Amino acid sequence: MTPSRLAVIAKLACAMAFASPEWVEVRKDGGGFRLAPSGAGFTPWGFNFDRDYRHRLLEEFWGSEWPT
C-alpha cells in the first residue's frame with residue numbers, strides 16, 4: 001500500500017472515530033426506537049433497571065423474594 005493511500009485511510013478512520021453520534025428517539029408509531037437523522041432502528045440491550053412496587057432494584061430482592 002502506498003503512503004498516500006495509507007494517509008487517506010488513516011484520515012477517514014480518524015474522522016469516523018470522532019463523528020458525533022446520532023440521537024436515539026422514539027419512533028413516531030411508538031413501537032420502538034430509531035436513530036436520528038438516519039432512521040436506522042435502535043434496540044437497547046444490557047439494561048436491567050427494573051423496580052418492584054416498593055421501588056427496589058431487582059438485584060436487591062430477587063435472591064430472597066423470587067416469587068415477587
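For the structure, see preceding data.
Since this is a predicted model, take the numbers as computed values, not measurements.

Some details on the sheet that holds strand S1 (residues 23-26)
Reading across the sheet, the three strands line up as S1-S2-S3 and stay open at both edges, with antiparallel pairing between neighbours. With one partner strand each, in any of the chains shown, S1 and strand S3 (41-42) form the two edges of the open sheet. Bridge count between strand S2 (residues 33-36) and S3: two bridges; the pairing is antiparallel. From the neighbouring strand, Phe 33 faces S3, where its bridge partner is Phe 42.

Section: the packing of aromatic side chains
Going through the model one piece at a time under the given rule, you end up with one aromatic pair. The interplanar angle of 50 degrees and the centroid separation of 6.4 Å between the aromatic rings of Trp 62 and Trp 66 together place this pair among those described as tilted.

Some details on the environment of Pro 3
Along the chain, Pro 3 falls in helix H1 (residues 3-17). Here Pro 3 falls in the exposed class, since its relative accessible area comes to 69%. For Pro 3 and Arg 34, which are 31 residues apart along the polypeptide, the C-alpha to C-alpha distance reads 39 Å.

Let's talk about the side chain of Asp 52
In this structure, Asp 52 sits in the loop between S3 and helix H2 (58-61). When its relative accessible area of 12% is taken as the criterion, Asp 52 is described as buried. A distance of 3.0 Å separates the side chain of Asp 52 from the backbone nitrogen of Arg 54, its partner in a polar contact.

A word on the pattern of salt bridges
Two side chains with opposite charge may pair up if their charged atoms get near one another. Applying the stated criterion across every chain yields a total of four salt bridges. With a closest N to O distance of 2.7 Å, Arg 56 and Asp 52 form a salt bridge. Look at Arg 56 and you get buried, because its relative accessible area is 13%. A salt bridge links Glu 65 to Arg 56; the shortest N-O distance between them is 2.9 Å. Look at Glu 65 and you get partly exposed, because its relative accessible area is 25%. Through salt bridges with shared partners, a single network forms among Asp 52, Arg 56 and Glu 65.

Observations concerning unusual backbone geometry
Here Ala 36 and Pro 37 are connected by a cis peptide whose omega angle stands at 15 degrees. The backbone of His 55 shows a phi angle near 65 degrees, a positive value even though the residue is not glycine. Looking at where His 55 falls in the secondary structure, it is placed in the loop between S3 and H2. Judged by its relative accessible area of 60%, His 55 falls in the exposed class.

Reading the values: rules and limits
- Residues numbered from 1 in each chain as written.
- Predicted model: local features only at pLDDT ≥ 70, side-chain atom pairs only at ≥ 80, totals over all residues.
- Heavy atoms only, no water.
- Pairing = 2+ DSSP bridges.
- Helix = DSSP H or I, 4+ residues; strand = E, 2+ residues; numbered from the N terminus.
- Phe/Tyr/Trp six-rings, centres within 6.5 Å; stacked < 30°, edge-to-face > 60°.
- Buried < 20%, exposed > 50% of the residue type's maximum accessible area, 1.4 Å probe, protein only.
- Polar contact = N/O pair within 3.5 Å; in protein donor to acceptor, adjacent residues only side chain to side chain.
- Salt bridge = Lys/Arg side-chain N within 4 Å of Asp/Glu carboxyl O.

These values are about where atoms sit, not about what they do.
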